[in-house]
Every structure is written in structure tokens, then in C-alpha cells.
Amino acid sequence: SDPPDSDDAAIFRLIETLDGLVTAYHATEDVEPGEDDFEYPSRESLGGWTEPSITFQRLPPYQCVPHHEHPDQQIDLCDPVNDLSEIADDMKTVVWLAENVSENDALWDFRFGFFNHWGWHLFSVRNYLQTHLTWPDWSGGANQNTGSGV
């Protein structure tokens, strides 16, 4: 087993957290947003761009096919730092909505973002993180085997 402060242990905890967001999505009720008009906060008003810890900033780019492009889109490079920042920033918006607008607006935004923004980043980077730990020759990861027997 890795020491608790190792990069691999941090990546495993991140994978668990990302899986928890998916579980939370499936556990939430599909609601309609409120009818009150409001302005979404700017990224700056929510503290600016979220910067992942140095452990995750060291992760190299990975190959991906952008979901929003034409079906004939070629393989591109994705940035795990960007993926994690986008997810965290969307969650900051959800929290802001719950605190400043309504729980229904927050739930609606959380669920909408799952299919339209943060969920794409999550599944892309989640797959990469697992590959990074399991197949270092393919992704630049540190471990040949997770030791889990799976």
C-alpha cells in the first residue's frame, strides 16, 4: 500500500471523490429550476479559477476526443488540470446557488451540468486517472499495477 501522502494515494482519493459526484447525481431528484430571475455569479466573484493541488498539476496531458466537436473529430490532448478546475468551478456555482437562490436551482444546475459540462470533464479525467495509475506506459503514470487484484 502507498503511504497516505503519495501521489498515487491522492489520485485514488480523487477517483473516489469523482465517483461520489456521479453517485450524488443519481441520488438527486430531477427538479425544475425556480422562476425567480437572477444572474449567475462570475468565476471571479466565486474566487477565480480553481487550481488543483500540485499533485494533480504534475499530471501530463492525455489523449481524448472532445465530446462537443463533430463526430469526425480527431484525437486531441486534454488537460487534467483544466478538467478538475472545470468540475470544481461548476460545484462552486452549485453551492452558490444553494446559498443565494434556492435548493431547486442548485439541484437543477448540478443535474444539468452533469450532462452538459462537468460530467463530460469528469468521465474523461476519471478514465485517464485510472489509466494513469494502471498503465504508466500509456499515460505517464507511476504504477504498473494498483495491487487491487481487479
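Residues numbered from 1 in each chain as written. Predicted model: local features only at pLDDT ≥ 70, side-chain atom pairs only at ≥ 80, totals over all residues. Heavy atoms only, no water.

What follows concerns the side chain of arginine 111. Of note, arginine 111 is situated in helix 4 (residues 103-116). Among residues more than four places away in sequence, those in contact with arginine 111 are Tyr25, Thr28, Glu29 and Asp30. (Helix = DSSP H or I, 4+ residues; strand = E, 2+ residues; numbered from the N terminus. Contact = heavy atoms within 4.5 Å.)

Here we take up the packing of aromatic side chains. Summed over the entire model, instances satisfying the criterion amount to nine aromatic pairs. Between the aromatic rings of tyrosine 25 and phenylalanine 114, the centroid separation amounts to 3.9 Å while the plane-to-plane angle is 10°, which identifies the pairing as stacked. Remark: phenylalanine 114 occurs in helix 4 and tyrosine 25 occurs in helix 1 (residues 7-27); sequence separation between them is 89 residues. Of the two residues examined, tyrosine 25 and phenylalanine 114, each falls in the buried class. (Phe/Tyr/Trp six-rings, centres within 6.5 Å; stacked < 30°, edge-to-face > 60°. Buried < 20%, exposed > 50% of the residue type's maximum accessible area, 1.4 Å probe, protein only.)

The next thing to look at is the nonpolar core. Membership of the largest hydrophobic core comes to 27 residues, with the highest contact counts inside it found for Leu18, Leu21, Trp118, Val125 and Leu129. Residue assignment for this core shows that the elements contributing at least two residues are helix 1, strand 1 (62-64), helix 3 (80-100), helix 4 and helix 5 (118-134). Looking at which element gives the most residues to this core, the answer is helix 1, with eight residues. Not counting the four nearest positions on each side in its chain, leucine 21 is found in contact with Ile87, Met91, Phe110, Trp118 and Leu122. (Core = buried A, V, L, I, M, F, W, Y, C linked by side-chain atoms within 4.5 Å.)

What follows concerns the state of the cysteines. Note: disulfide means a covalent bond formed between the sulfur atoms of two cysteine side chains. Per the stated rule, a full pass over the model turns up one disulfide. Here cysteine 64 is linked by a disulfide to cysteine 78, with a sulfur-sulfur distance of 1.8 Å. In this structure, the disulfide formed by cysteine 64 and cysteine 78 twists by about 75° around the S-S bond and is classed as right-handed. Here cysteine 64, found in strand 1, pairs with cysteine 78, found in strand 2 (residues 76-78); they are 14 residues apart in sequence, far enough to count as distant. Note on cysteine 78: relative accessible area 18%, which makes it buried. (Disulfide = S-S within 2.5 Å.)

Another point: the pattern of salt bridges. Using the criterion set out here, one finds five salt bridges in the structure. Ionic pairing is found between aspartate 7 and arginine 58, a salt bridge with its closest N-O pair at 2.7 Å. Linking aspartate 7 in helix 1 with arginine 58 in the loop between helix 2 (54-57) and strand 1, this pair joins segments that are 51 residues apart in sequence. Assessed through its relative accessible area of 49%, arginine 58 is described here as partly exposed. Arginine 111 is paired through a salt bridge with aspartate 30; the nearest N and O atoms lie 3.7 Å apart. (Salt bridge = Lys/Arg side-chain N within 4 Å of Asp/Glu carboxyl O.)

Another aspect to go through is the packing of helix 3 against helix 5. Where helix 3 meets helix 5, the closest approach of the two axes is 9 Å, and the angle between their N-to-C directions is 140°. Considered as vectors, helix 3 and helix 5 are oriented oblique to each other. Helix 3 and helix 5 meet at a crossing whose hand is left-handed. Taken together, the residues of helix 5 that come into contact with helix 3 (itself represented by Pro80, Asn82, Asp83, Leu84, Glu86, Ile87, Asp90 and Met91) are Trp118, His121, Leu122, Ser124, Val125 and Tyr128. (Axes fitted to C-alpha atoms, helices over the stretch in contact; angles between N-to-C directions. Parallel < 35°, antiparallel > 145°, perpendicular 65-115°, else oblique. Left-handed = near helix turned anticlockwise from the far one by under 90°.)

Moving on, we come to the environment of proline 66. Secondary-structure assignment places proline 66 in the loop between strand 1 and strand 2. Among the residues examined, proline 66 registers a relative accessible area of 15% and is labelled buried. Taking the C-alpha atoms as reference points, proline 66 and serine 124, 58 residues apart in sequence, are found 9.2 Å from one another. Residue contacts for proline 66: discarding those within four places in its chain leaves Gln73, Gln74 and Asp76.

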